[in-house]
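Here is what each chain is made of, one letter per residue.
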Amino acid sequence: MDLDAQARAILANNDRGGYTVPTGGLYPYQWNWDSVFAAFGFAEHDIPRAWQELETLFKGQWPNGMVPHILFHKVDPSYFPGPDVWGGVGPVPSSGISQPPIAATFVRILLEADQKNGQAHARALFPKLMDWHRWFYNWRTENGAIVVTHPWETGRDNSPDWDGPFAAITPQGIDEYDRRDTHHVVDEERPRKYDYDRYLYLVKLGRECHWDEAKLREITPFRVADPTMTFTLLRANRDLRVMAQAFGEPTDEIDTWIAAQEAGAETLWNPEIGSYDCYDTRAGKFAGCISNASFLNWYAGVGGDRMLAHLQRIAQLVPYSVPSHDPASPNYEPKRYWRGPVWAMMNMLICIGLYEAGHVTEATRIRDETAQMIAENGFAEYFDPRDGSPAGGRSFTWTAAVWLGWAS
Ligand code: 9YW
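What this report covers is the structure whose coordinates are included nearby. (Residues numbered from 1 in each chain as written. Predicted model: local features only at pLDDT ≥ 70, side-chain atom pairs only at ≥ 80, totals over all residues. Heavy atoms only, no water.)

Turning to the overall build of the chain, a few remarks are in order. Within the chain one finds 18 helices and eleven strands. Expressed along its principal axes, the backbone C-alpha trace of the chain runs to roughly 55 × 45 × 45 Å. Residues counted as buried form 61% of the 408 residues belonging to the chain. Considering only residue pairs separated by 6 or more positions, the chain has 70% of its internal contacts joining residues 24 or more positions apart. Surface accessibility of the chain: about 14,400 Å² in total, with carbon and sulfur atoms responsible for 50%. (Helix = DSSP H or I, 4+ residues; strand = E, 2+ residues; numbered from the N terminus. Buried < 20%, exposed > 50% of the residue type's maximum accessible area, 1.4 Å probe, protein only. Contact = heavy atoms within 4.5 Å. Areas by Shrake-Rupley, 256 points an atom, 1.4 Å probe, with all protein chains shown as cover.)

Here it is as structure tokens:
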């Protein structure tokens, strides 16, 4: 089977009827940004199915506008923590946090690809996207930047970005638990127990205040301003604005969000390391980390060429870019999940921005490296930057989608 056919087969096998799981076993539910990438992959050969993916995701939207990071459509014991641990309060059993809001950007891409029915689908999704983005603006804004209340929300679970805030947390009162992820993937490629204890502690805090954002803001020790969320939301708002204009909707509210987030992006610039960085609002400290999210500034349309020197420096250190953590850092671990490995879908977002900013050489290099990694090693969840070898889950939806829609 050629690679395109293999990628389409992965989407088909991970399709659970209206939504796609990231990969069977390890992640048996609908994840928010995974689903958006899945829609992008389906759009290559089945645009109605692409829209359906997004429409199923928004069925889980909470009354306060939040779109959860996991929707537990059918309970599956192969994943922990499940719906009972989360105690989400939306219309579909769900987690209590969100994920990078890339949906509006991809709704715009689908709209432009679907001359026939795109308008009807995008118009129906538009008010839901507005409600979600408003939730971020109302509850998750600190000086314009977007804050997270859990590392899982950024989609970059065990990144060294969280080491500082995690060191300040003593997880108390969490029950014994049985991790299932390490039944599917070797320990060395997953977060440590130290991290899991803190993930579960933060889930407990949220559940105990019924995911009331006002209460959570008061009590949580974890409130970190993050480039993934800030840059993806800023970009998504720019795309939402284009759709608002096309639909004859007002743009003033979106303009307010864009102005706030442009200012917020600037607060994430850490002059000490010359990079966009996470900022721990509780401790009043930068993380001091250069991650692959630091390079999403072009995608957000900010920062000029400030990050270019780091991108070029890192390319000299590893044959496959963009590692999720700087290989020059003592905390770099090239196989451990978000502490080093390369993620194909992050590369696509970074390159969308690089192409738009005219950095064609860099963008083409990263795209070629991504294509080569996938062609040689299959549709893995992530890859080792030293040799492109596969890591984590296999037959992965977003890697297949990125291949079909972008890398091939
Ligand atoms: C977990 C599904 C998700 C991604 C995240 C990734 C991981 C879930 O898997 O989180 O259990 O650790 O970090 O970005 O959406 O692919």
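There is more to say, and it comes next.
Right, let's get into the packing of aromatic side chains. Applying the stated rule across the entire model yields 35 aromatic pairs. Ring geometry for Phe379 and Trp403: centres 6.3 Å apart, planes at 85°, overall edge-to-face. Of this pair, Phe379 sits in the loop between α17 (360–377) and β10 (382–383) while Trp403 sits in helix α18 (residues 397–407), and the two are 24 residues apart along the sequence. Assigned by exposure class, Phe379 and Trp403 land together as buried. The residue whose ring lies beneath Arg190 is Tyr337, and the NZ or CZ to ring-centre distance is 4.4 Å. The ring of Tyr299 carries Arg235 above its face, with NZ or CZ at 4.9 Å from the centroid. (Phe/Tyr/Trp six-rings, centres within 6.5 Å; stacked < 30°, edge-to-face > 60°. Lys NZ or Arg CZ within 6 Å of the ring centre and 35° of its normal.)

Another aspect to go through is the sheet that holds strand β9 (residues 285–286). Pairing within the open sheet is antiparallel, and its five strands lie in the order β3-β4-β5-β8-β9. Each edge of the sheet is formed by a strand with only one pairing partner; in this case those strands are β3 (141–142) and β9. Sheet contacts for helix α12 (residues 227–246): β4 (145–148) and β5 (224–225); angle to β4, the most-contacted strand, approximately 130°. (Pairing = 2+ DSSP bridges. Axes fitted to C-alpha atoms, helices over the stretch in contact; angles between N-to-C directions.)

Looking now at the nonpolar core. Counting 132 residues, the largest nonpolar core has Phe37, Phe106, Leu129, Leu240, Met243, Phe295 and Met345 as the members making the most contacts within it. No other element matches helix α16 (residues 344–356), which puts nine residues into this core. Excluding residues within four positions of it along the chain, Met345 makes contact with Trp33, Phe37, Trp338, Trp398 and Val402. (Core = buried A, V, L, I, M, F, W, Y, C linked by side-chain atoms within 4.5 Å.)

The description of two packed helices rests on the angle between their axes and on the distance between the axes. It is the contact of helix α2 (residues 32–42) with α18, at a shortest axis distance of 8 Å, that shows an interaxial angle of 35°. Like other packed secondary-structure pairs, α2 and α18 cross with a definite hand, here left-handed. Contacts from Trp33, Asp34, Phe37, Ala38, Phe40 and Gly41 of α2 reach α18 at Thr397, Trp398, Ala401, Leu404, Gly405 and Trp406. A per-class count over the contact of α2 with α18 returns eight nonpolar, three polar and one charged. (Left-handed = near helix turned anticlockwise from the far one by under 90°. Nonpolar A, V, L, I, M, F, W, Y, C, P; charged D, E, K, R; others polar.)

Moving on, we come to the site of the ligand. Every one of the 15 residues lining the ligand counts as a neighbour, but Asp34, Tyr79, Gly155, Asp157 and Tyr337 are closest to it. A distance of 2.5 Å separates an oxygen atom of the ligand from a polar side-chain atom of Asp157. Contact with the protein chains hides 99% of the accessible area of the ligand, taken as 380 Å² for the molecule alone. Its residues assigned to classes, the shell around the ligand shows ten nonpolar, two polar and three charged. (Near = heavy atom within 4 Å. Polar contact = N/O pair within 3.5 Å; in protein donor to acceptor, adjacent residues only side chain to side chain.)

Right, let's get into helix α6 (residues 118–139). Taking 1.5 Å as the rise per residue, α6 with 22 residues should run 32 Å; its terminal C-alpha atoms sit 31 Å apart, in good agreement. At Phe126, α6 shows its maximal kink, close to 30°; a proline, Pro127, follows between one and four residues later. Among the residues making up α6, those that are buried are Gly118, Ala122, Leu125, Phe126, Leu129, Met130, Trp132, His133, Trp135 and Phe136. (Expected span 1.5 Å × (residues − 1). Bend = angle between axes of the 7 residues up to and from the residue.)

What follows concerns the pattern of salt bridges. Inspection of the entire model under this criterion finds 31 salt bridges. The residue Asp239 makes a salt bridge to Arg108 at a minimum N-O spacing of 2.7 Å. Residue Asp239 is located in helix α12, and its partner Arg108 is located in helix α5 (residues 103–113); the two are separated by 131 residues in the primary sequence. Where Arg365 meets Glu369, a salt bridge forms, and the shortest distance between an N and an O atom there is 3.3 Å. With Arg365 and Glu369 both in helix α17 and four residues apart, this pair spans about one turn of that helix. What emerges from the salt-bridge pattern is a single network uniting Arg108, Glu112, Arg235, Asp239 and Glu356. (Salt bridge = Lys/Arg side-chain N within 4 Å of Asp/Glu carboxyl O.)

A few words now on the pairing of β4. Neither face of β4 is left uncovered, since the one carrying Ala145 and Val147 and the one carrying Ile146 and Val148 both have all their residues buried. Summarising the sheet, β3 and β4 pair through two bridges and their orientation is antiparallel. Its bridge partner being in β4, Glu142 is matched across the sheet by Ala145. Hairpin geometry of β3 and β4 is characterised by an intervening segment of two residues between the two adjacent antiparallel strands and by a positive phi of about 55° at Asn143. The sheet contact formed by β4 and β5 spans two bridges and is antiparallel. When the sheet's bridge partners are listed, Val147 is paired in β5 with Ala225.

In this section: the state of the cysteines. All told, the structure shown has zero disulfides when counted by the stated rule. Unpaired in this structure, Cys289 has its nearest cysteine sulfur neighbour in Cys278, at a distance of 7.2 Å. (Disulfide = S-S within 2.5 Å.)

Let us look at helix α15 (residues 308–317). All buried positions along α15 are accounted for by Leu308, His310, Leu311 and Ile314. Within α15, the buried residues cover an arc of 165° as seen down the axis, which keeps them to one side. Seen from the open side of α15, the exposed residues pointing more than 90 degrees away from its buried face are Ala309 and Gln316. The inward-facing, buried residues of α15 contact β7 (275–276), α14 (297–300), α16 and α17. (Arc of directions from axis to C-beta.)

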